[in-house]
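Observations on the model geometry
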Amino acid sequence: MATGAVPASFMGLKSREHDLGFAKSLGFVRVSGLQRVKFRRTKVSVIRNSNPGSETVELQPASEGSPLLVPRQKYCESVNKTVRRKTRTVMVGNVTMGSEHPIRIQTMTTTDTKDVAATVEQVMKIADQGADIVRITVQGKKEADACFEIKNSLVQKNYNIPLVADIHFAPVVALRVAECFDKIRVNPGNFADRRAQFEKLEYTEDDYQKELEHIEQVFTPLVEKCKKYGRAMRIGTNHGSLSDRIMSYYGDSPRGMVESAFEFARICRKLDFHNFVFSMKASNPVVMVQAYRLLVAEMYVQGWDYPLHLGVTEAGEGEDGRMKSAIGIGTLLQDGLGDTIRVSLTEPPEEEIDPCRRLANLGMRAAALQQGVAPFEEKNRRYFDFQRRTGQLPVQKEGEEVDYRGVLHRDGSVFMSISLDQLKTPELLYKSLAAKLVVGMPFKDLATVDSVLLRELPPVDDVDARLALKRLVDISLGVITPLSEQLTKPLPNAMVLVTLKELATGAYKLLPEGTRLAVSVRGDEPYEELEILKSIDATMLLHDLPYTEDKIGRVQAARRLFEYLSDNALDFPVIHHIQFPKDIHRDDLVIGAGTNAGALLVDGLGDGILLEAPDQDFDFLRNTSFNLLQGCRMRNTKTEYVSCPSCGRTLFDLQEISAEIREKTSHLPGVSIAIMGCIVNGPGEMADADFGYVGGAPGKIDLYVGKTVVKRGIAMEHATDALIQLIKDHGRWVEPPAEE
């Protein structure tokens, strides 16, 4: 008898046979007696979807040899090109949202909602920057009353931008503000459930059903009111604020996030209310991407077509915040998912609009051009959970004079392109590669670049430049140079960059035997051209699709390449090589790298990054590369921050405090610190954090270890020092490195 498991919230599924059994287990339904049928020349296990006209759900092992079967159900319109997922139109005030409309951009005010004048002023500033929608926190009756004044004042000033009320723990407040605002955001984790205590609760089926009935009783009046007034709604799940009930039943997981939202959506549908959107936010881009994909996959099964609001919550500030947002949001946009987006930055809200617009434009352009590659069958990518495809790291070969094992890093490699000019000042070059210097000699450190690309070698008689390169090679830092350069000005122990054409012509055979090869590939070549990869011993591949390509999608071309490698049992490491044009804006570079490489790295596809931009600062490119790897949960080289963007609930100057904490703690790789303006999502959104700094009351800070509060009511002026002491008490502190 075939056995397996499918996600527990696939409610509308039944077997064509009568002996199909279900039992809850860890958020999955165990299935026995699955029917084996022929499907496209292969036998698969299937269960029949009870929704009329829906397709059969094909099941597959979660990983090779796994007894766990998961639906091979699509989560997007196409994996080989960007096609926007078809959704219904939702009206938010006078703004249309859905697949037939532009991707809408939005942000959230940071003023005290009761301060009507300041809030109105900030909304107008946001609207003037080009936002389509603005959200305002509404935590109590006084704030709800202020919302009527805010709305009226804006209308009098000819500002009709739709307003969204952000609601937590306050059904009564939601009912009040629904009379004046255009959209209500409810958090399923705390709208009807109590604040999470992170307790493991035991439920019988009857107990659980009673909880669902309670939710329906509390939520129904708001749904009815939204119907009456023509309001929209966002059912906005946060990874950090799932209820104890959901976490006990489904785990603190993307599965729990989806089911939490579906409980509320089913009530809306039961009441024939459909003017709503979903969101699945998390501060970890990998979790965020998985949750949205799972949500959409289940909507396909159910036949639902509700739009998506995309965002990485608590992303942080500066390049960090933009990178995390690009990884999460950009990944989904590449697959045609997303109808409205917010880039959550610990910066003034109007500062969010420009990067948000850049991301939206990138997604809409990809969809308009339907960027991609010729159709290919995808069998190996794990898009519902993260499992990295690890390329074979270099091993030392007999007779080699230098150690090549350090040219790639097991957690993800950073490559940089260097020039002949940089070789003229070796010590500055070593520092820019983040190497340690001891008496002028370089040594590798935690965040030292792993390999460099040198497109032009120094002349054979340039002793100083060649000595500088030898010192890099001697510390196992790889030096890669094109075939033509190595043939005319050979550099001992350099790795050689070759194209598929150079492999096909045999030109590379002119190199000394045993020369290490790095092969540049586009990913969209005819399979016949890729066949030569089976017959060579390459140290790595560089996936390099020209930035000027309009119709070819970099993400889809790379997916096709990885499928080819998997199908042919080729385990070459793959470096994502992106060459940006001159004069590219910094935000476009960060967003482009996060989207085009991050979309692959969050699926475990790739072993490193090489970013080139002719007129960009070298340190900026290096830092961006390391930020990308850390944002994709690969290589951790600095302190990780979970930093909320501030709102009307924030109890201190979040931007100022965040900068102060970063200045004093940014040298602690492997340590994660959450900086939260208030307690609403505080403990839960710190799911990934080791230590938390949370506003507990005006002028007072609570400190957390994980999700547990350990100190309360610390005066603001002493709180940063208390946080540092807490890190020391737990043995995680190291002193900052002395300036050389």
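Now for a description of the structure that goes with this document. Bear in mind the structure is a predicted one, so any value in this text is a computation, not a measurement. (Residues numbered from 1 in each chain as written. Predicted model: local features only at pLDDT ≥ 70, side-chain atom pairs only at ≥ 80, totals over all residues. Heavy atoms only, no water.)

1. Description of the overall build of the protein chain
What counts here: Helix and strand definitions here come from DSSP, where helices need a minimum of 4 consecutive H or I residues and strands a minimum of 2 consecutive E residues; each element is numbered from the N-terminal end. Whether a residue is buried, partly exposed or exposed follows from its accessible area with a 1.4 Å probe, protein chains only, as a fraction of its type maximum: under 20%, in between, or over 50%, in that order. A contact between two residues is defined here by any heavy atoms of the two lying within 4.5 Å.
If you tally the helices and strands in the protein chain, you get 22 helices and 33 strands. Taking all 740 residues of the protein chain together, the buried fraction comes to 60%. Within the protein chain, contacts between residues at least 6 apart in sequence are counted, and of these 70% link residues at least 24 apart.

2. Quick look at the pairing of strand E32 (residues 700-705)
Regular strands place side chains that alternate from one sheet face to the opposite one. Rule in force here: For two strands to pair, DSSP has to find at least two bridges joining them.
With 6 bridges joining them, strand E31 (residues 691-697) and E32 adopt antiparallel strand pairing. Bridge assignment links phenylalanine 691 to a residue of E32, and that residue is valine 705. Between the end of E31 and the start of E32, which pair antiparallel, lie 2 residues, with glycine 699 showing a positive phi angle near 75°. As paired strands, E32 and strand E33 (residues 708-715) are joined by 5 bridges and run antiparallel to one another. Residue pairing across strands places tyrosine 704 opposite valine 709, the latter belonging to E33. Here E32 hands over to E33 after 2 residues, with glycine 706 in that stretch at a positive phi of 60°.

3. Overview of the state of the cysteines
Note the cut-off: Sulfur atoms of two cysteines make up a disulfide when they are within 2.5 Å.
What the rule picks out here adds up to 0 disulfides. No disulfide involves cysteine 268; its sulfur sits 8.2 Å from the nearest other cysteine sulfur, which is in cysteine 226. Classification of cysteine 268 by relative accessible area gives buried; the value is 0%.

4. Focus on the side chain of glutamine 486
For glutamine 486, the position within the fold is in helix H13 (residues 483-488). In this view, glutamine 486 contacts Leu457, Thr481, Leu491, Ala494, Val496 and Leu511; residues no more than four positions away in its chain are not counted.

5. Brief notes about the environment of arginine 234
Stated formally: Polar contacts, as used here, are pairs of N or O atoms within 3.5 Å; protein pairs need one atom able to donate a hydrogen and one able to accept it. Residues neighboring in sequence count only if both atoms are side-chain atoms.
By the element assignment, arginine 234 lies in strand E15 (residues 232-238). Residue classification places arginine 234 among the buried residues on the basis of a relative accessible area of 1%. Through-space distance from the C-alpha of arginine 234 to that of proline 307 is 9.6 Å; in sequence the pair is 73 residues apart. In contact with arginine 234, other than residues within four places in its own chain, are Arg135, Lys183, Ile184, Arg185, Val186, Val277, Ser279, Lys281 and His309. A distance of 2.7 Å separates a polar atom in the side chain of arginine 234 from a polar atom in the side chain of serine 279.

6. Some details on helix H2 (residues 141-156)
What counts is decided by this rule: A helix is expected to span 1.5 Å for every residue after the first.
An ideal rise of 1.5 Å per residue puts 22 Å on 16 residues; H2 measures up with 23 Å between its terminal C-alpha atoms. For H2, the full list of buried residues reads Glu143, Ala144, Ala146, Cys147, Ile150, Lys151, Ser153 and Leu154. Next to the buried residues of H2 lie helix H1 (116-128), strand E12 (133-137), strand E13 (163-167) and helix H3 (171-177). Of the residues one or two after H2, asparagine 158 is the one with positive phi, at around 65°.

7. Some details on helix H4 (residues 205-229)
Operational definition: Note that the bend at a residue is defined as the angle between axes fitted to the seven residues ending at it and the seven residues starting at it.
Over its 25 residues, H4 runs 36 Å from end to end, which matches the ideal 36 Å to within 8%, given 1.5 Å per residue. Within H4, the axis deviates most sharply at phenylalanine 219, by approximately 35°, and proline proline 221 lies no more than four positions further along. Glycine 230 lies just past H4 and shows a positive phi near 70°.

8. Focus: the packing of aromatic side chains
Put simply, the test is: Working definition: rings of Phe, Tyr and Trp (its six-membered ring) pair if their centres are within 6.5 Å, and the pair is stacked with planes under 30 degrees apart, edge-to-face with planes over 60 apart, and tilted otherwise. We count a charge as sitting over a ring when the NZ of a lysine or the CZ of an arginine lies within 6 Å of the ring centre and within 35 degrees of the ring normal.
This model, assessed by the stated rule, comprises 12 aromatic pairs. Geometrically, the ring pair formed by phenylalanine 191 and phenylalanine 264 is edge-to-face, given 6.3 Å between the ring centres and 80° between the ring planes. Taken together, the residues span a long stretch of sequence, with phenylalanine 191 in the loop between strand E14 (183-186) and H4 and phenylalanine 264 in helix H6 (residues 254-270) at a distance of 73 residues. Across this residue pair, the class does not change: phenylalanine 191 and phenylalanine 264 are buried. Taking the centre distance of 6.4 Å and the plane angle of 25° together, the rings of phenylalanine 273 and phenylalanine 276 count as stacked. For the pair formed by phenylalanine 273 and phenylalanine 276, the shared burial category is buried. What links up through ring pairs into an aromatic cluster is the set Phe262, Phe273, Phe276, Phe278, Trp304 and Tyr306. The lysine or arginine in question, arginine 245, covers the ring of tyrosine 208, its NZ or CZ lying 5.3 Å from the ring centre. If you follow arginine 560 out to its NZ or CZ, it ends over the ring of tyrosine 527, 4.1 Å from the centre.

9. Quick word on the pattern of salt bridges
Just so we agree on the cut-off: In the sections that follow, a salt bridge refers to a side-chain nitrogen of Lys or Arg positioned within 4 Å of a carboxyl oxygen of Asp or Glu.
Under the definition given, this model contains 48 salt bridges. Measuring nitrogen to oxygen at the nearest pair gives 2.4 Å for the salt bridge that ties arginine 455 to glutamate 612. Within this pair, whereas arginine 455 is found in the loop between strand E22 (451-454) and helix H12 (463-474), its partner glutamate 612 is found in strand E28 (residues 608-612), the two being separated by 157 residues in sequence. Given a relative accessible area of 37%, arginine 455 falls into the partly exposed group. With a relative accessible area of 11%, glutamate 612 lands in the buried category. Residues participating in the shared-partner salt-bridge network are Arg293, Asp335, Glu378, Arg381, Arg559 and Asp603.

10. A look at the sheet that holds strand E11 (residues 104-108)
Read across the open sheet, the 8 strands follow the order E16-E15-E14-E13-E12-E11-E18-E17; overall the sheet is parallel. A strand with exactly one partner marks an edge of an open sheet, and here the two such strands are strand E16 (276-281) and strand E17 (309-310). Across 6 bridges, the pairing between E15 and E16 is parallel. Looking across to E16, one finds that asparagine 238 is bridged to lysine 281.

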